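Fold and contact review
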Amino acid sequence: MNAVEFGVNVFVALFALLDPIGNIPIFAAATAGATLSQRLSVNALLTAFVIAFLVFFFFTGLALLDFFGISLAAFRIGGGILLFMLGLEMVRENFLQSFVDADAISDAKDVRGYARRRFQRLVVPFAMPLIIGPGAISAVIIQASAAEEIGYTGWLAGVVAIVAAGVATFASFALSGPISRLIGEVGMAIVVRVLGLILVALGIQFILAGLGEALPGMFAASVISPSGH
């Protein structure tokens, strides 16, 4: 595999794992009532955080886990539990309301202040573990070993792929305004609850995968990896 193929593979995997399109309803709810400039500022901060965090783990992930004595299996289980709990929260009736900022309209001219407040509120649980979940972190850590085999061009391709996935996330969230107006509040509530159910199942899948790595033979291969990968 050359650097270009490697970069494309990393981008496709990250875009699927970050799932910016699926997270549009939550971002729309979190920035409801905001002006376009306020929404773009929050979007930019979240995107910068996602890129910086993934690049950091791309270069230091394996060493960091080794330093704390955490296995990848334990990381998958912990991340799966977080996703499971977040999924349960998302099916609650007032989940979207917990992200609403009542001061958005009154602070229409305060773009930086609004963006800073929203970013602090959305780092957890939106940026992590909803966007940057255990799957995305595991992916960049695993891909780092492949980049090492390719050489410096592999590392460069990996960084470019992470930045490209971040830009695609920014572009997706930039469309949150028109999309939220199109599907309406009821539509957003339905989408978020369906996503919550998917996250519950995904969290359980990560837990099963982690247990399967920690305890080989405990589960059938079709349970740990139903897709066969």
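Scroll up for the structure.
To keep things clear, this report deals only with the structure shown in the data block.

Cut-offs used in this document
- Residues numbered from 1 in each chain as written.
- Predicted model: local features only at pLDDT ≥ 70, side-chain atom pairs only at ≥ 80, totals over all residues.
- Heavy atoms only, no water.
- Helix = DSSP H or I, 4+ residues; strand = E, 2+ residues; numbered from the N terminus.
- Buried < 20%, exposed > 50% of the residue type's maximum accessible area, 1.4 Å probe, protein only.
- Contact = heavy atoms within 4.5 Å.
- Areas by Shrake-Rupley, 256 points an atom, 1.4 Å probe, with all protein chains shown as cover.
- Core = buried A, V, L, I, M, F, W, Y, C linked by side-chain atoms within 4.5 Å.
- Expected span 1.5 Å × (residues − 1).
- Polar contact = N/O pair within 3.5 Å; in protein donor to acceptor, adjacent residues only side chain to side chain.
- Phe/Tyr/Trp six-rings, centres within 6.5 Å; stacked < 30°, edge-to-face > 60°.
- Axes fitted to C-alpha atoms, helices over the stretch in contact; angles between N-to-C directions.
- Parallel < 35°, antiparallel > 145°, perpendicular 65-115°, else oblique.
- Nonpolar A, V, L, I, M, F, W, Y, C, P; charged D, E, K, R; others polar.
- Bend = angle between axes of the 7 residues up to and from the residue.

Within the protein one finds 9 helices and 0 strands. In sequence order, the protein lays out its α and β elements as α-α-α-α-α-α-α-α-α. Considering the protein as a whole, with its 229 residues, one finds that 43% of them fall into the buried category. Long-range contacts, defined here as pairs at least 24 residues apart, represent 84% of the contacts in the protein between residues at least 6 apart. Summed over all atoms, the accessible surface of the protein reaches about 11,500 Å², with 70% contributed by carbon and sulfur.

Within the fold, Val194 resides in helix H8 (residues 176–214). It is 7.6 Å that separates the C-alpha atoms of Val194 and Val91, two residues lying 103 residues apart in sequence.

What follows deals with the nonpolar core. Within the largest apolar cluster, 48 residues are counted, with the highest numbers of intra-cluster contacts made by Leu14, Leu46, Leu54, Met90, Phe126, Val140 and Ile162. Elements that contribute at least two residues to this core include exactly helix H1 (3–18), helix H2 (24–30), helix H3 (36–68), helix H4 (72–90), helix H5 (111–131), helix H6 (134–150), helix H7 (152–174) and H8. By residue number, the principal contributor to this core is H3, which donates 10 residues.

Quick look at H1 now. Its 16 residues place the ends of H1 22 Å apart at the C-alpha level, agreeing with the 22 Å of an ideal helix rising 1.5 Å per residue. Against H3, H5, H6 and H7 lie the buried residues of H1. The backbone nitrogen of Val4 has a side-chain oxygen 3.2 Å away, supplied by the residue at the start of H1, namely Asn2. One or two steps after H1, the chain reaches Asp19, where phi turns positive at roughly 50°.

Even without being a glycine, Asp19 presents a positive backbone phi close to 50°. Position of Asp19 relative to the elements: it lies in the loop between H1 and H2. By relative accessible area, Asp19 is classed as partly exposed at 32%.

On to the packing of aromatic side chains. Following the criterion strictly, the structure yields 10 aromatic pairs and no others. Taken together, a centroid distance of 6.0 Å and an interplanar angle of 70° make the contact between Phe49 and Phe119 edge-to-face. Of the two residues, Phe49 sits in helix H3 while Phe119 sits in helix H5, which places them 70 residues apart along the sequence. Arranged with centres 5.4 Å apart and planes meeting at 75°, the rings of Phe58 and Phe59 form a pair that is edge-to-face. Owing to a relative accessible area of 47%, Phe59 belongs among the partly exposed residues under this scheme. Through pairs of rings, three or more aromatic residues link up here, namely Phe49, Phe53, Phe56, Phe57 and Phe119.

A few words on the packing of H4 against H6. At a closest axis distance of 9 Å, the pairing of H4 and H6 adopts a crossing angle of 155°. In this view, H4 runs roughly antiparallel relative to H6, as classed from their interaxial angle. On the side of H4, the interface is formed by Leu72, Phe75, Arg76, Gly79, Gly80 and Leu83, while H6 contributes Pro134, Ile137, Ser138 and Ile142. A breakdown of the residues in the contact of H4 with H6 according to their chemical character gives 6 nonpolar, 3 polar and 1 charged.

What follows is about the side chain of Thr47. Turning to its location among the elements, Thr47 is positioned in helix H3. Classification of Thr47 as buried rests on a relative accessible area of 8%. Setting aside its immediate chain neighbours within four residues, Thr47 contacts Gly166, Val167 and Phe170.

The subject of this paragraph is H3. For H3, built from 33 residues, the straight-helix expectation of 48 Å at 1.5 Å per residue is missed by more than 12%, its first-to-last C-alpha distance being only 42 Å. When the local axis directions of H3 are compared, the greatest deviation, roughly 70°, occurs at Thr60. Positive backbone phi, approximately 70°, marks Gly69, located one or two places after H3.

Secondary-structure assignment places Arg121 in helix H5. Between the C-alpha atoms of Arg121 and Ala30, which are 91 residues apart in sequence, the distance is 9.2 Å.

Nothing here speaks to function; it is all geometry.
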